[in-house]
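# Summary of structural features
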Amino acid sequence: MGNSYAGQLKTTRFEEVLHNSIEASLRSNNLVPRPIFSQLYLEAEQQLSTLEGGSRVDNEEEEEEGEGGLEPNGPPNPYQLPPPPEGCCTTDGFCQAGKDLRLLSICSEPMDVPAGFLLVGAKSPSLPDHLLVCAVDKRFLPDDNGHNALLGFSGNCVGCGKKGFCYFTEFSNHINLKLTTQPKKQKHLKYYLVRNAQGTLTKGPLICWKGSEFRSRQTSANACSSSLFLPLDSAAALAAFPSDPTPGSNPSIAMGAQQAGPALDHPSLTTAASPAVFNGKESPKHQQLAKNHPAALPRPLVLGILSNPGPPKKRHKGWSPESPSATDGSYPQGGGNRAKCESAGVSCVPPVGVVGPAPVTFPVVASGEPVSVPDNLLKICKAKPVIFKGHGNFPYLCGNLNDVVVSPLLYTCYQNAQSISRAYEQCGASTIQPISEEMQLLLTVYYLVQLAADQVPLMEDLEQIFLRSWRESHLSEIRQYQQAPPQPFPPVPGAAAPVTSAQLPWLAGLAASSCNDSVHIIECSYSLAEGLSEMFRLLIEGKLAKTNYVVIICACRNTAIDSCIAVTGKYQARILSESLLSPAEYQREVHYELVTGKVDSLGAFFSTLCPDGDIDILLDKFHQESQGCSSSSLTASSVTKAAALDVSGAPVCTSYCLESHGVRPFQLAVAQKLLSHLCSIADSSTQNLDLGSFEKVDFLICIPPSEVTYQQTLFRVWHSGVLLELGLEKEPVTKQRVEQYILKLDAEAQTKFKAFLQNSFQNPHTLFVLIHDHAHWGLVSAAHNVYSQSDPSVGLVDRLLNCREVKEAPNIVTLHVTSFPYALQTQHTLISPYNEIHWPVSYGNGVDLYHENKKYFGLSEFIESTLSGHSLPLLRYDSSFEAMVTALGKRFPRLHSAVIRTLVLVQHYAAAMMAVSGLPQMKNHTSVETLEIAQNLLNAPKQCPSGHGLMVLLRVPCSSLAAVAYERLAHVRARLALEEHFEIILGNPGSGITVGKHFVKRLKTWQKIEDAEWRPQTYLELEGLPCILIFSGMDPHGESLPRSLRYCDLRLINSSCLVRTALEQELGLAAYFVSSEVSVEKEAKSKALESDGEKLSSTDNEDEELGAEGSASEKRSPVKRERSCSQDSASSSRSSKASGDGADQVCLPLGSALCSETSAQPSGTPQGEQARSPPPCGPAEEGRGSGEKQWLRAGQGPPASRLAPQPDCSSWTGQRSLQLSVTSSSQLSSSSGSTSVSTVPATSTRVPQASRCSMAKACQQPPIVFLPKLVYDVVMSTDSSGLPKAASLLPSPLVMWASSFRPLLSKTMTSTEQSLYYRQWTVPRPSHMDYGNRAEGRVDSFHPRRLLLSGPPQIGKTGAYLQFLSILCRMLIRLTEVDVYDEEEINASLREESDWHYLQLSDPWPDLELFQKMPFDYIIHDPKYEDASLICSHHQSIKSEDRGMSRKPEDLYVRRQTARMRLSKYAAYNTYHHCEQCLLYMGFHPRYQLYESTLHAFAFSYSMLGEEIQLHFIIPKSKEHHFVFSQPGGQLESMRLPLVTDKSQEYIKSPTFTPTTGRHEHGLFNLYHAMDGASHLHVLVVKEYEMAIYKKYWPNHIMLVLPSIFNSAGVGAAHFLIKELSYHNLELERNRQEELGIKPQDIWPFIVISDDSCVMWNAVDVDCSGERGREFSWSERNVSLKHIMQHIEASPDITHYALIGMRKWASKTRAGQVREPFSRCHVHDFIILNVDLTQNVQYNQNRFTCDDVDFNLRVHSAGLLLCRFNRFSVMKKQIAVGGHRSFHITSKVSDSSAAIVPAQYICAPDSKHTFLAAPAQLLLEKFLQYHSHRFFPLSLKNHSHPVLSVDCYLNLGSQISVCYVSSRPHSLNVNCSELRFSGLLLYLCDSFVGASFLKQFHFLKGATLCVICQDRNSLRQTVVRLELEDEWQFRLRDEFQTANAKEDRPLFFLTGRHI
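Residues numbered from 1 in each chain as written. Predicted model: local features only at pLDDT ≥ 70, side-chain atom pairs only at ≥ 80, totals over all residues. Heavy atoms only, no water.

## A look at the overall build of the protein chain
Put simply, the rule is: Secondary structure follows DSSP: runs of H or I at least 4 residues long count as helices, runs of E at least 2 residues long count as strands, and numbering of each begins at the N terminus. We call two residues in contact whenever any of their non-hydrogen atoms come within 4.5 Å of each other. Residue-level accessible areas treat just the shown protein chains as cover; the underlying method is Shrake-Rupley with a 1.4 Å probe.
Each helix and strand in the protein chain was counted, giving 58 helices and 56 strands. For the protein chain, the share of sequence-separated contacts (at least 6 apart) that also reach a separation of at least 24 residues comes to 76%. Carbon and sulfur atoms make up 53% of the accessible area of the protein chain, which amounts to about 77200 Å² in all.

Have a look at this one:
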């Protein structure tokens, strides 16, 4: 049966194939090693034969055909079943132990399936309907193609648990198959078994044995899948570097994982119960691809047969990426160019963070004896080994435990990689198994093998390797789950041979064999204890000197593997052990070493290095010499320089300019974004923020406990003027007043914060903005405080900002501001993703979005400039410093590396200062980089007439080390007599800045400060001061640095900064604003960076300069050295060309212009403009950003001197000039020693002295940053997408990854997408303040009033949020203000000339008798009718010039004059107002979420319409008490009306009706405050089609819905129906109450008809004291509508008035207009209508405009009284939407785009004129308003001869006057006997108009007539009935109609002339 071959390889070239395969895997660019066993057993043989052109048949295929190929032809082999053992079970479906094996019976039971085994279903001939469950080693099962199954069998019984069946015959007997033929696994093992979504075991896909009916289908499917696999794999996966996880190689997978939601919080091995899983590494499709598509692979095939042109196995530093063997033509980026970066790019394990190790429970069950750690381990090894627990059990350690470090990080990583992501679980992917433990360990070995000697393993890299391996091995399953819904039968999996525990040690050893013993494998037989003991023995014996990693494996055959990995490399072990310390432990360790004197040994060692003895001896010697002879050139020149400063008339540096504080466009844009986010919170339906209820803004800024940051923030708030803008302070604002708005989070913070909370509680109408600046600091939970309680600042942020009072206060908004928001973007965050504001990008689609005169230079720009290759990089590391630190680290293993690094760097600084000061022999004891810093620090002040210098930032995180550095450098400075040359400042977060008096005096001179007590309190105030700032503190706290910062020395930042927040925070110190005018072209910009300040020079002689330059270049890579040489030669030709020809000055390279600081003018730019002061720049967070170079003014020297290269330019040219090097050698601060030939006179070199100042470079060059090598590698390496490695680090020490099954960040992600990524894939640690907020993405867990503003460091966020406060305050004021119409009354000079005036000036109510004697004023005074026709009466004497020119039609939409008014407490509001008081009124109360309303029909008949009118009321339950309903049926009967005699002050008697359209949001229907809370009845009158939307916005208002026929009607229809309904209701109420004994005349007859834009009401207080009231004074105040209504309703004889109104408010109201308390005139906008008296006077329901004027005239002509209360006025709000604007006149022809003018509104009947989609009445009114002069030519500007208008008032335009007469009998009309009219207008005249009525009027000859009727027939009848043809002449062509189609019922006109 072939079982004897089990496990044997079928090739004699086994070792060769195996070794070649592994070596190729190590060299290949593929991240994941290829599945070795698949290659070794079968596939390697196939590939070899394919490559060699052989055609050998697969052995398995041969054998199978040999065995099974004859089966169908021959008769079945007779087979004798062996007898079963006695006493055993023989029942079908049960095993011999009697355990049930039938799938149906045991499908729900848990089963123990060993790793590498699969559950399969066996068919029994005696049980055709059942499958028997078996566990089979998957190596003996085939893959998708029917290949790769090992011969033989290995299986277990799942019933009784018996294991180790090596023969299928034996196994078939055990499970009682009872076969009659030879037992063959191919025949009887039929199906894979899989678990479904419910966890039940079910029949899965067929096992694809070769020859089965499934084969043909599977083959075609596989061909398809391999082609699908090609673009994915060849695109990126194969090109990935081993240390480089490739995002994007499987884009669909990454997306799927990202979208699927957060992964498991606590990963556990949940898949043990899912047996039908394949834990092999990779499907053989990978090799299939190599066979089918050789070109797809970027490298030759992996078996080592073909030559491999990759890099050497060890990543040698000397291997150049440009070498021809490194790059492949088709894949230039794939391996070669990136390999160099990457070899250095893997950094160390991330620190555990603030809270110590992650709380992972790991097994500590000891197996065997504890392991003893040798006593002298550290002494012998020179490093503490770091042991990472891996799989299985870890033994106890005893003995010298101080000399080892044990970490669970790797265990956690393995556990995470074992948990299948929720992304795939949700798809029901139960067949996908996590990567096996064996494969995890093997991959770890591969990873360690390829690490370079100076690299440190990074856990993130390992996680990504696991993820990639897992994805590739299950690619087909994952893709199927992503592309289709889960199916009951998963695809047939490929069974790649798994690595077994037995093979693991051997394979790992094989992998490690090629790495020159860098990785050592120890195999144990019984437990890890023996392996650890062996390792310690080897360490003591020194046999692991070259070994960096020891992998210990205990792989027993029957149990799971145990493993651990020990890091023994001195460099790696030191970094890893130190990175495991928390910041507090790190500080304690360093402090302990300093206190106990352990560092003395290091100092002693330093002294032995100096050939001339100890440095201190040299210093003393130098000090004595300089004391005796002070004529040193250096000292002498500096003394004269210092003296020159004090002499009056000394040259003044023009490069120094203080920045002005303006708001930059970016900051304004961000402030507006913040405001819009706040408004969106307020506008949401959640009622979380009511902006309308706030009157002012207050704020508190919380900052970390840093004195400099505190002073800096204080300075910015003070100078921004925000306190004055917010009205919080008055001029002058003192510093002490500003301090109360800034809270330093220290011990005193709590008291100040309590005062803030108290203030917010006492001022509910003030919006308090709590600004948490630098918000990523101090997020430790108050509850999980792991520090001692002695530090009060720990957990303070949580205690204050997350306290219940802040969370619940409705008037506190919290704004977190940070450059590093990652810790606030977790699964548990309180901040909604919608409340995040990210700093905008400056460019969008290549367009500059916000033009600014400065360009921000942040981390990405630093990296870009360093990679660009145009100049010396801005980011550098110091190789000689690193080499010395590494060597000393081995010599002093007990010292912390931070101590060693600090002392070495201080020693370098000391030596460099000595070398520059005249001890040249000390150059050999410092590094090139440090020497460059010292030279520029000391030489820069000598180049400036004012002595401006540069700042060097020396970052020393540990405060005790910072103090050591400060003392040492100060001592060296003193011995070198350099105290006057530069200052050394110790910057400690807890204390302020101390600067020497000499330097303070200098700063005051530069900054023109008079204050004698002034001291610099912020680093920004050190502008131009030559100094070394030793900046301590574990974290920077947002301190801004000045523009004069030239070097940012971060060589001492420790390995704990390898977290994204910490790393970006440190590099953020160098963030800078560069003047954007300077960087015109990229090449020139980068040349500018290689200015004089960067190159090394010596003050001694030129030869040394050249030598030093050469050595500096050699220390860098050869590529960089070549680049700088070529650049010099290129620039020399350009600069010589520029100097040779003045006309070619534009060609002068910008770099040399900057380098020389001569600032030659570009042609075409006026020099005067360039010399102006710089434009204002933003508040100082941009720090060093502002300031422009002061350009030379015209006439400052001869033109040649401005154009020629100056001495500092010399570095660009290739030849020497003795003349220049002699004349200016002292000024050559740093040059490469090559100076240009120039014939410029020496005098010209003095001209640009001012611009030689280092400050001139400040605005054009960012600082140079020095980093530790480790950090440099992380920052500079990128993954395959171009994303810097730093971005994929753990985002913050306070968070951890939710799962290792996460996609990688992408370079193309926006800030918003990054936020969503972190929100999905990170969870807070227990020490994080958000830990307890189990958000899980639920919206309700976000705090509604919390915002997050993030932006790069130093970009101007402080200025942005201060600007936000300012515009927020302005908006709140704007919210409490309203634009009201403010127009003077028109036609004031045309008032009635009458002797009758109302002279009782103090009457509160009109006297009826007096009032009746007053004449009616026909003139319209309302300014909105400025364009309306004048109404004439017999009292007027109107001259034509009295009326001004009318506005043109196009001027109609010119904005009417408005005034901005503050809303009073009695205002009417729209839907946006929701305060506490009126919630119930509005119907938004929580208890009344959905207000119930009922719809009631209300019908009444009206004879004029000839039909019954049916209206609908929508009545909320809360308003039903205003109505009467019939008892049995609940039908609406009437609206309750009060009695005239009621005197209650509790309610308003008159119902208010407000007709409205198009203003559901903006209409002012909230009268709660206007009515002062009084009970009132308010009805909204709406059109039917708007009913739903009004109901939605105003759920608690009564609606009166007009019939649908009025949907297109104007306001006249609404007024008409309101009045008719009200009269009908009055009749009903009289009838109803008459039964109760109440007289009909006692029922209240008034209603209010109000516009929907009436916002406030005013009353005039008059003082009429004095004789005969001559002394008249008045004042106006805002009052409630309740006050006005109750006053009017209390008027005596009120029922005798038909219409009562009030004035329209105007700011320029004159005393004459309010002197008389009452007028008898037109009333508008807000009227009180007596429906009883006006029963027979109707509104015209057809009207759109002027319907109130028309109605007023009808009421007056009916003899009724109109009274206007002049002492009351109404303010009308300007509302830009709805109302009359909602009527648009458009063409009925849809494609007509031409504008329609009023002249087209009418046309001749039966013409082909374009018909319009508008009501006929609207067209008529609009036409007459603009073109009535066509009908009435004589009337134009002829006010003495008006048009006679019968029974109606139509607006004929402002240049035509009309005379209104009523045809009703007994009506009051104007006396027309003396008037001759210029025209007659008859509009829809009724039967009251007769021929005799018209004959009493007189007309001018040629006067015109216009008759308007509903149709042509009635037009003719009217002409006949009125006998018009007797006096008027008509022509056929004088007939017109409105431009309506027939179905729209046009109106018809007939015009004629008077005979």
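Moving on, there is more to tell.
## Here's the deal with the pairing of strand β30 (residues 1346-1350)
In plain terms, the rule: Exposure categories follow from relative accessible area, calculated using a 1.4 Å probe and restricted to protein chains: below 20% of the type maximum is buried, above 50% is exposed, and the middle band is partly exposed. Strands are labelled as partners when DSSP assigns at least two bridges between them.
Counting buried positions over the 5 residues of β30 gives 5, a clear majority of the element. Burial along β30 is two-sided: the face carrying Arg1346, Leu1348 and Ser1350 and the face carrying Leu1347 and Leu1349 are both buried. Direction of pairing for strand β17 (residues 836-838) relative to β30: parallel, over a ladder of 3 bridges. Pairing of Glu836 across the sheet is with Leu1348, part of β30.

## Focus on the environment of Leu119
Following the sequence through the fold, Leu119 ends up in strand β1 (residues 117-124). Sequence separation between Leu119 and Gly155 is 36 residues, and the spatial gap between their C-alpha atoms is 9.7 Å.

## Describing helix α21 (residues 600-609)
Worth spelling out the cut-off: Along the arc lie the directions from the helix axis toward the C-beta atoms.
Leu602, Phe605 and Phe606 are the residues of α21 that are buried. Buried residues in α21, looked at end-on, bunch into an arc of 105°, giving them a common side. Exposed residues pointing more than 90 degrees away from the buried face of α21 are listed as Asp600 and Thr608. Of the surrounding secondary structure, the elements contacted by the buried residues of α21 are α32 (879-891) and α33 (897-916).

## Remarks on the packing of aromatic side chains
As a reminder of what qualifies: Working definition: rings of Phe, Tyr and Trp (its six-membered ring) pair if their centres are within 6.5 Å, and the pair is stacked with planes under 30 degrees apart, edge-to-face with planes over 60 apart, and tilted otherwise. Both a distance and an angle decide whether a charge sits over a ring: NZ of Lys or CZ of Arg must be within 6 Å of the ring centre and within 35 degrees of the ring normal.
Inspection of every chain in the model, using the stated rule, returns 41 aromatic pairs. For the ring pair Phe1565 and Tyr1590, a centre distance of 6.0 Å and an interplane angle of 50° mean the geometry is tilted. Pair noted here: Phe1565 is in the loop between β38 (1552-1555) and β39 (1578-1582) and Tyr1590 is in helix α51 (residues 1587-1593), with a separation of 25 residues, a long-range link. The buried category is assigned to Phe1565, whose relative accessible area is 0%. Here Tyr1590 falls in the buried class, since its relative accessible area comes to 0%. Joined through ring pairs, the aromatic side chains of Phe1877, Phe1893, Phe1897, Phe1899 and Trp1928 make up one cluster. Seen from the ring of Phe1266, Arg1051 lies directly overhead, with NZ or CZ sitting 5.2 Å from the centre.

## Observations regarding helix α19 (residues 570-579)
Here α19 lies mainly inside the structure; 8 of its 10 residues are buried. Looking only at α19, the buried set comprises Gln572, Ala573, Arg574, Ile575, Leu576, Ser577, Glu578 and Ser579.

## A closer look at the pattern of salt bridges
Applied cut-off: A pair is scored as a salt bridge if a Lys or Arg side-chain nitrogen falls within 4 Å of a carboxyl oxygen belonging to Asp or Glu.
Considering all chains together, one arrives at 57 salt bridges under this definition. Residue Arg968 pairs with Asp616 through a salt bridge whose shortest N-O separation is 2.9 Å. Taken together, the residues Arg968 in helix α35 (residues 959-975) and Asp616 in helix α22 (residues 615-628) connect sequence positions 352 residues apart. Between Arg1370 and Glu725 there is a salt bridge, with the nearest N and O atoms lying 3.5 Å from each other. Of the two residues, Arg1370 sits in helix α48 (residues 1357-1375) while Glu725 sits in helix α26 (residues 722-725), which places them 645 residues apart along the sequence.

## Quick look at the packing of α33 against α35
Heads up, the rule is: In this analysis an axis means a line fitted to C-alpha atoms, helices contributing only their contacting stretch, and an angle means the value between N-to-C directions, from 0 to 180 degrees. By definition in this entry, angles of less than 35 degrees are roughly parallel, angles greater than 145 are roughly antiparallel, angles of 65 to 115 are roughly perpendicular, and the rest are oblique. Crossing chirality is assigned from the near helix's rotation relative to the far helix, an anticlockwise turn below a right angle marking it left-handed and a clockwise turn marking it right-handed.
Look at α33 against α35: their axes get within 10 Å of each other, and the N-to-C directions meet at 15°. With respect to α35, the element α33 is oriented roughly parallel. The crossing of α33 and α35 is right-handed. Taking contact as the criterion, the partners of Ala898, Val899, Thr902, Leu903, Val906, Gln907, Tyr909, Ala910 and Met913 in α33 are, on α35, Leu961, Val964, Ala965, Arg968, Leu969 and Val972.

## Some thoughts on the sheet that holds strand β25 (residues 1045-1049)
Taken in spatial order, the 6 strands of this open sheet run β21-β27-β25-β22-β24-β23, and their pairing is parallel. Each end of this open sheet is capped by a strand with a single partner; those strands are β21 (875-877) and β23 (983-987). Mean inter-strand twist for the sheet, computed between neighbouring axes without regard to direction, equals 20°. Of the strand pairs in this sheet, β23 and strand β24 (residues 1027-1031) are connected by 5 bridges, and their pairing is parallel. The partner of Gly987 across the bridge, within β24, is Phe1031. On the sheet, α33 packs against β22 (951-955), β24 and β25 and is oriented at approximately 160° with respect to β22. The strands that α35 touches are β22, β23 and β24; relative to β23, the one it contacts most, it runs at about 170°.

## Points about the sheet that holds strand β56 (residues 1948-1954)
Sheet architecture is open: 8 strands sit in the order β32-β52-β51-β53-β54-β56-β55-β49, paired in mixed fashion. Of all the strands in the sheet, just β32 (1430-1431) and β49 (1802-1803) have a single pairing partner and so form its edges. Pairing of strand β55 (residues 1928-1938) with β56 involves 6 bridges; the strand directions are antiparallel. Paired with Glu1935 across the strands is Leu1950, a residue of β56.

## So, the state of the cysteines
Formally: Criterion for a disulfide: a pair of cysteine sulfur atoms at a distance within 2.5 Å.
Per the counting criterion, the structure on display carries 0 disulfides. This cysteine, Cys1885, is not joined by any disulfide, and Cys1909 carries the nearest cysteine sulfur, 5.9 Å off. Residue classification places Cys1885 among the buried positions, given a relative accessible area of 17%.

## Some words on the pairing of strand β51 (residues 1843-1846)
With burial as the criterion, each face of β51 is covered, one bearing Val1843 and Ser1845 and the other bearing Leu1844 and Val1846. Two elements, β51 and strand β52 (residues 1857-1861), share 4 bridges in a ladder whose sense is parallel. Within β52, the residue paired with Leu1844 across the bridge is Cys1859. The sheet contact formed by β51 and strand β53 (residues 1876-1883) spans 4 bridges and is parallel. Pairing of Val1846 across the sheet is with Leu1882, part of β53.

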